[in-house]
Each structure stands twice: as C-alpha cells, then as structure tokens.
Amino acid sequence: MCGGTSTSASVTRRSLDLVEPATEAPASVGVAAIASLDAAQALPRPLALRLLVSLEQLIGAALVAALFFFVLAQVVSRYVFGRPLVWSEELARFTLVWLTFVGAAFVMAYRRHIVVSFFKLSDRAWLALETISSVVMITVALVVLPAGVEFVQSNVGVVSPAAGVPLGWIKASALVGFALLAIHVAVNLVVAFRYGREAVEAAGLVDQRAST
Amino acid sequence: MNLFLLVAGVLGLMVVRVPVAFALLAPSIVYVWLSDQLTMNFVMLRITNALDSFPLLAVPLFIFMGMAANASGITERIFNFCEAFLGHIRGAHGYVNIAGSFAFSWMSGAAVADAAGIGSIEVPEMVKRGYEDRFSVGLTAASAVIGPIMPPSIPAIIYSAVAGVSIGAVFVAGIIPAILITGVLCVYVFLYARDKPHLRLQRATPRQLVRASGGALLSLLTGVIVLGGILGGVFTPTEAAAIAGLYITVLGLCYRRMKVRDLYRLCVATAETTAGIMLIVAGASLFGWILAREQGPQTIAAAVTGLTDNPIVFLLLVNVLLLVVGMLIDPLSAMLIMVPVLLPLAIGYGVDPLHFGSLLILNLMIGLLTPPVGIVLYVLSQVTNIPLPRVVQGTMPFLLPLGVCLLLVTFIPALTLWLPAMFGFR
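Sequence positions are assigned chain by chain, starting from 1 and proceeding in written order. Each chain is given a letter, starting from A, and each ligand a number, starting from 1, according to the order in which they appear as written. Note on the predicted model: pLDDT of at least 70 is required for a residue's local features to be given, and 80 or more for side-chain atom pairs to be given and counted; whole-chain, interface and lining totals, by contrast, use all residues. Values reported for side chains reflect all heavy atoms of the structure, with hydrogen atoms and water molecules removed beforehand.

*Asks:* Which residues make up the overall build of chain B, and what values go with them?
*Replies:* Labels follow the DSSP assignment, with helices taken as runs of H or I lasting at least four residues and strands as runs of E lasting at least two, numbered in each case from the N terminus. Within chain B, the secondary structure is distributed over 23 helices and zero strands. Computed over its C-alpha atoms, the radius of gyration of chain B comes to 22 Å, within 12% of the 22 Å expected for a compact globule of 426 residues. Here chain B, with 426 residues, has 64% of them falling under the buried criterion. Contacts are residue-level and defined by heavy atoms, with any inter-residue pair within 4.5 Å sufficient. Expressed as a percentage of contacts within chain B between residues at least 6 apart in sequence, the contacts between residues at least 24 apart total 79%. Computing the positive centroid from 21 side-chain charges and the negative centroid from 17, chain B places the two 13 Å apart. Only C-alpha atoms enter the radius of gyration; for comparison, a globular chain is expected to reach 2.2 Å times N to the power 0.38, where N is the number of residues. The cut-offs for exposure are 20% and 50% of the maximum accessible area for each residue type, with area from a 1.4 Å probe on protein chains only; residues under the lower value are buried, those over the upper are exposed, and the others partly exposed. Asp and Glu count as negative and Lys and Arg as positive, but His and the ends of the chain are not part of the count. To locate a charge, take atom NZ for lysine, CZ for arginine, CG for aspartate or CD for glutamate.

Written out as structure tokens, the structure is:
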C-alpha cells in the first residue's frame, strides 16, 4: 500500500548514493518508503520550492497526528469520562479534508500521484505526454480556482454544527490544494524539460503505477 | 452520447498518463461547464463533501498502522512465531509464509504492505532453505491477497463508502473468504511439497516455542483489538484503527526498532498515501454523481439485462469484466469507477451488496498479481531482487487456486453473508 515503497527500492538506493553516500540504510520497508522523499529533494530546484514542499510535509504529518488525537479523544471521552465529545468527530473529518489537499500537493511535487502506464515510452514521447497531462492538470486547477474563491466566501458565515468552525475554513482546503497543485505541476514540467527523463527518474521522482 | 464522451474522456486521459484523479476531474468539469443547471461551485461542494466522511477516516489510520507494523519489527516477530510452530512440517516455509500473511492481515489492510513487509523476510529465507525462487515469490504474492480481504481492509472501507453499506459488515464479510484463500493455498503447498521431504526444519524445542510465542504475543494482540473491538461493538472501525495504530507505535518504540524521528517519517508517508487515494475518491465522487445524473447505470443495465436475466451469468460477466479492468487499472480507482455502475445492476439481479463487495474486492486484488499493472509483482521484485519476469512466472500458477476461491465466493453467497448475519450486521 504505502505510497513510496512501490515507486522504487532500487531507484531509491541509486539516488541516495548520489546525494549523501553516508545515509544509513533505512531500518525497514515501511520507513524506506520515506527515504526516497529526501532523495527527491536532490534535484536542483529553487530554495523557496524546497521550503514549500518541506512545509507541506510538515503540515501533512501534523494533520495525521491531529487525526489520531481527535479520534482517540472521542474514544477516551466515551469510555473513560462516560461523556462522548460532540466536536471531536467533526474536527477529525475536517482534518481529513485538509490532509487530502495539502498531501496531494506534495505528492504532486514528488510525482507520486497514481498514473496508469499502458505502454513503455521513448524519452520524447514521455516528454510529450508529460506536457499534455501538465496542461490538463493546470487547466483543471485554473478553472476550479475562481469558483473556489466564491465558494469559500459564501461559506465563511456558515458555522459547523458541533465544533463551531466556519465552514469557509474547511472549503478553503480545496482552494489552497488546487493552487499548490498547479504550482507543483508547472515546476515539474519545467524540471522535466530542463533535466530530462533520466535525471527525474534517478532522483526517485517516478510516477506511481498504482497503490493498493 | 454524453455518457459515452464522459467515459471515453476519462479513459483517454488515463492513457496519456494524466494522474487518475485528474483524469476523472477534467471531463466532469467540462460537463459541468457545458451544463446550464450546474455551476463550478457545485464541483467544489461535491469534492469537499466526498472527503468529509467519518468512515473514510479509517483509511489514513489503517495505512499508518500497516506501515508502523512493518517499521516496528512486528512482521519479523510474526515470522519467527510461525516458523517455530510450523517448521517441522514438510513444506514448512510454505505454510509459514501463508500463516505469516494471515497473521499480518489482522494489522494491515493492503496487499502491497503485506508483500513488501513479509516478502522481504520470507522470500530470502525460503530460497536459502531450498525452495525454488519462483515458487517462493509466487506464494508470497498470492498470500498477500489475504491482507485486504481479511479485516481491516482499505478496499473494504472505500467500497463501503461508495456502496453505502456499513464498514463493519463489509469487514466481517471478508473473514470467511480470507480463511478460504488461506486453506486453498495450504493445499497448494501440500501438493508442492508432497515429494520434497527435505523441506522441513527440526521440531522446535518447547523452550523455543515459548520464546517465539512471547516475542509475538503482544504483536498478535493488535488483531484482537481491531477484530474484537469491531465485532464486539466496542469501537467503530475508525476508532479501532486509531487505537491499534497507537498500540503498534508504543510497541515499536518499546522494541527499540522505531525511533521518535521515524514517527515523523511515518506520518509523512501516511499523508502521502492517503492524499493519493483520497484525491481519487474526490474526483470519482464528482464523476460518479454525473454518471448517475446521466442515467449511466440504467443505460448499461438495459444493455446487460438484454443479454441475460440469469444472475449467475451476470456474475460471471462481472467477474470477467473486473478481471480485465483489474489488470489495467489499480484496484481503488477501478472500484470507485465501477461500483456506482455495477452495484445498482447487481442489486437488480438480487445480489446482496455485501456479497458483491467481497467478490469485487477479491477480483480486483487478483488484478494486483497480473501484469501490466500488477503492483504487488513490482514490489516483490524490488524487495527480493528477483527479476520481474521470474516473479511473473512464479506468480502465474497461483492464479489458479485464487481463481477457484473467486468462483466459490461468487457462487456461494453464504461464504460472505453468513458471518455478518451471525454478528447481527443485518
């Protein structure tokens, strides 16, 4: 299942050597998945972008932790204090919505969104399809964004029933998500043109074929 | 006509390597744009609402749990435990492999986590002990299918969200099919090892047995928390996932296999996998809504019911269709696209949604073992360093026993429906 594992144990190892030969071997497969995340940062990209990706990761991890906290809080309140919390479930659900969009952004930066690969491609065909799919994705984001702004505005005044969170804050996740996705797609395309397929794949930035 | 263009659009975009989530979104957005009654606001509403769901919360929590189980050395403890108890039987490591997957399936909901974790330990061990590499890797691939059939199961969570049935019921429906696969694979190992008496270890001493049990006891308790909690009605599946995840984390930290720093990495990896899946869920939700609005299920139903009015023939056709789809598309995307179309049809033929879910999940999991998109094959090839063509060769013979299981699950509804009824899920 885990996203990274499938991408490439072998590619990962190669790219790790490229970056910092001293890196200790990952303890096990579960964690090896993530070692490739560091490797992916190896491709020369603007500092601002690296910081953005790191920030997205940090927020993603924090949201996973928050999810655990809210769901556990619900169990504890029910069984230990005998009084179920009203707000925990709602906050957990909102956390998942944000997690999806923030996570989707950095997954895009690592090119790990699930792609169906039907054929083996020459380098030129790869670049051509890369361009087409990038244009499709950026168009989707650009069409959705203006509507998103309106959508968020119309929801700011509405408050969630249990936790009292303005729904606009939740709906803003999609807005932020699509904006970040568009940025990463554009950067990925520039990187693909500038460094070529081989360098991209050597850095562990390989499209995911599937993930279950 | 609209319907045809929509579906063709999605498939066409997938062929040119647009990520699945966007391949679903783009034609749907064009549809909304062309429509007089729908606005882009609706797109945003639909995709955010699809994610705002308590059952789906179980997805990240179970993903974390499976990864944490691999990272904390629990996989190895289970392996040692199985080896101690089964080592003296002829064909021992075949059974150890299956039993390991079976035990691991209680704490993992995905075939790939199972293949990566168990495969990296068991395949080298089996090859060292004189088993053919093709057999070892094929068996590992086949037994990895148990993971997502046995609860907890990520595909089952997604199915229950799309089909609108209770997660608990879909989980419980998977238990007997999982045991069935385990049994059938054991028969396969028995036949394989019939004339190979050297494939066994010395019987473990009582002392070794106690040691191995002690090492694995706390790990095996995870399954009790998940299954017991859900079956006993103590927790919802989402809550069970959170508690078991916390429990495995504490175990891993106590066993000193996981450091606090690894926790951060596990959370990032969980966020990564979750986002990849959930973005597709969001896209599929919009796409599925439009399909329903365009009367997609009814149109296809009319075509299919023209072909046959026999539920058995219908289920056979569904199985063939799903096997083909499963070979080409990853299971979750396939499920999200196919369930809104096929489930109403199946219900029309009098097939129970639980029964349908089980055969659908098993079918698509078999698709994980077939090229060109057999992700389990890629993972196994990577973690064992056995070349992909050999992994494929080794796995092919196991499609037969798995196919037998699929047919049994398809045509004996009691296998999936009896246990949920026992536990009062209907």
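There's plenty left to go through after this.
*Asks:* Summarise the packing of aromatic side chains; cite the residues concerned and give the values.
*Replies:* The criterion for an aromatic pair is that two Phe, Tyr or Trp rings (for Trp, the six-membered ring) have centres within 6.5 Å, with stacked assigned to planes under 30 degrees apart, edge-to-face to planes over 60 apart and tilted to the rest. If you walk through the whole model with that rule in mind, you get 16 aromatic pairs over all chains. Relative to Phe 178 of chain A, the ring of Phe 101 of chain A has its centre 6.0 Å away and its plane inclined at 50°; by these criteria the two rings are tilted. Taken together, the residues span a long stretch of sequence, with Phe 101 of chain A in helix H5 (residues 88-109) and Phe 178 of chain A in helix H7 (residues 167-202) at a distance of 77 residues. Overall, Phe 178 of chain A belongs to the buried group, its relative accessible area being 1%. The structure contains a cluster of three or more aromatic residues connected by ring pairs, namely Tyr 131, Phe 135, Tyr 188, Tyr 192 and Phe 398 of chain B.

*Asks:* Can you tell me about the side chain of Ser 108 of chain B, naming the residues and giving the values?
*Replies:* Residue and element names in this part refer to chain B. By the secondary structure assignment, Ser 108 is in the loop between helix H6 (92-104) and helix H7 (111-128). Residue classification places Ser 108 among the buried positions, given a relative accessible area of 1%. If sequence neighbours within four positions are ignored, Ser 108 has contacts with Met 65, Gly 66, Ala 113, Asp 114, Gly 147 and Pro 152.

*Asks:* Requested: an account of the interface of chain A and chain B, with residues and values cited.
*Replies:* If you look at the interface, chain A gives 81 residues, while chain B gives 80 residues. In this assembly, chain A packs against chain B so that about 7200 Å² is buried in total across both faces, 74% of it on carbon and sulfur atoms. What makes a salt bridge here is a side-chain nitrogen of Lys or Arg within 4 Å of a carboxyl oxygen of Asp or Glu, nothing more. Run the count over chain A and chain B and you get three salt bridges. In this structure, Arg 112 of chain A engages Glu 272 of chain B in a salt bridge whose closest nitrogen and oxygen atoms are separated by 3.3 Å. As a working definition, buried area equals the accessible area (1.4 Å probe) given up by two parts on being put together, with both sides summed.

*Asks:* I'd like a description of the environment of Val 325 of chain B, backed by residues and values.
*Replies:* With respect to the element layout, Val 325 of chain B can be found in helix H17 (residues 311-328). Setting aside residues up to four positions removed in sequence, Val 325 of chain B forms contacts with Ala 334 and Met 338 of chain B.

*Asks:* Summarise the side chain of Thr 182 of chain B; cite the residues concerned and give the values.
*Replies:* Here Thr 182 of chain B is to be found in helix H12 (residues 175-193). Other than its neighbours up to four places away in sequence, Thr 182 of chain B contacts Ile 98, Phe 102 and Ile 146 of chain B.

*Asks:* Got a sec to walk through the pattern of salt bridges? Specific residues and values, please.
*Replies:* By the definition in use, this model includes 12 salt bridges over all chains. Linking Arg 129 of chain B and Glu 125 of chain B is a salt bridge whose minimum nitrogen-to-oxygen distance equals 2.8 Å. The partly exposed category is assigned to Arg 129 of chain B, whose relative accessible area is 33%. It is possible to trace a salt-bridge network through shared partners that takes in Glu 89 and Arg 93 of chain A together with Asp 52 of chain B.

*Asks:* Residues and numbers for the packing of helix H8 (residues 133-144) of chain B against H12 of chain B, please.
*Replies:* Residues and elements named next belong to chain B. Interhelical geometry of H8 versus H12 gives an angle of 165° and a closest axis separation of 11 Å. Regarding the angle of H8 to H12, the classification is roughly antiparallel. Note that H8 runs across H12; the crossing there is left-handed. Together, Phe 135, Leu 139, Ala 142 and Ser 143 of H8 and Leu 185, Tyr 188, Val 189 and Tyr 192 of H12 make up the contact between the two elements. Under the grouping applied here, Gly and all other residues not named as nonpolar or charged are polar, the nonpolar ones being Ala, Val, Leu, Ile, Met, Phe, Trp, Tyr, Cys and Pro and the charged ones Asp, Glu, Lys and Arg. Residue composition of the contact of H8 with H12, by class: seven nonpolar, one polar and no charged. Axis definition: a line fitted to C-alpha atoms, over the contacting stretch in the case of helices. Angles run 0 to 180 degrees between N-to-C directions. Each angle gets one of four labels, with under 35 degrees taken as roughly parallel, over 145 as roughly antiparallel, 65 to 115 as roughly perpendicular, and the rest as oblique. Each helix crossing is assigned a hand: it is left-handed if the near helix lies turned anticlockwise from the far helix by less than a right angle, otherwise right-handed if that turn is clockwise.

*Asks:* With reference to specific residues and values, describe the packing of H8 of chain B against helix H20 (residues 375-384) of chain B.
*Replies:* Residue and element names in this part refer to chain B. Contact pair H8 / H20: the axes reach a minimum separation of 10 Å and the direction vectors enclose 135°. The angle between H8 and H20 places the two elements in the oblique class. Where H8 crosses over H20, the two elements pack in a sense that is right-handed. Across the interface between the two elements, Val 137, Thr 140 and Ala 141 of H8 pack against Val 376, Leu 380 and Thr 384 of H20. Tallied by class, residues from the contact of H8 with H20 come to four nonpolar, two polar and no charged.

*Asks:* Summarise helix H18 (residues 331-348) of chain B; cite the residues concerned and give the values.
*Replies:* Residues and elements named next belong to chain B. A helix is expected to span 1.5 Å for every residue after the first. Over its 18 residues, H18 runs 24 Å from end to end, which matches the ideal 26 Å to within 8%, given 1.5 Å per residue. Think of it this way: the bend at a residue is just the angle between two axes, each fitted to seven residues, one set ending at that residue and the other starting at it. Most pronounced at Val 339, the bend in H18 amounts to some 50°, and the proline Pro 340 follows within four residues. Of all 18 residues that make up H18, 14 are buried, and the element is covered over most of its length. Two residues or fewer past H18, Gly 350 is found with a positive phi of approximately 80°.

*Asks:* Residues and numbers for unusual backbone geometry, please.
*Replies:* Cis peptide bonds are those with omega within 30 degrees of zero, and the linkage from Pro 151 of chain B to Pro 152 of chain B qualifies with -5°. With respect to the element layout, Pro 152 of chain B can be found in the loop between helix H9 (146-149) and helix H10 (154-163). Here the phi dihedral of Arg 111 of chain A falls at roughly 55°; this positive angle occurs in a residue that is not glycine. The topology assignment puts Arg 111 of chain A in the loop between H5 and helix H6 (123-156). A residue is classified by how much of its surface remains accessible, and Arg 111 of chain A, at 5% relative accessible area, is buried. For Arg 256 of chain B, which is not glycine, the phi dihedral falls at a positive 65°.

*Asks:* Could you give an account of the environment of Leu 189 of chain A, naming the residues involved and the relevant values?
*Replies:* Residues and elements named next belong to chain A. For Leu 189, the position within the fold is in helix H7. Since its relative accessible area comes to 17%, Leu 189 is described here as buried. Distance from Leu 189 to Ile 132, taken between C-alpha atoms, is 10.0 Å for residues 57 residues apart in sequence. Not counting residues within four places of it along the chain, the set of residues in contact with Leu 189 comprises Glu 130, Thr 131 and Ser 134.

*Asks:* So, H17 of chain B: which residues are in play, and what are the values?
*Replies:* Residue and element names in this part refer to chain B. End to end, H17 covers 26 Å across 18 residues, agreeing with the expected 26 Å (1.5 Å per residue, within 8%). Among all positions of H17, only Phe 314, Leu 315, Val 318, Asn 319, Leu 322, Val 325 and Gly 326 are buried. Viewed end-on, H17 has its buried residues packed into an arc of 140°, placing them on one side of the element. In this fold, the buried residues of H17 make contact with helix H16 (296-307), H18, helix H19 (353-367) and helix H22 (399-411). Between N or O atoms, a polar contact is any pair within 3.5 Å; within protein, one atom must be a potential hydrogen donor and the other a potential acceptor, and residues adjacent in sequence are included only when both atoms are from side chains. Measuring from the side-chain oxygen of the N-cap residue of H17 to the backbone nitrogen of Ile 312 gives 2.8 Å; that N-cap residue is Asn 310. Arc definition: it is the arc formed by the directions from the helix axis to the C-beta atoms.

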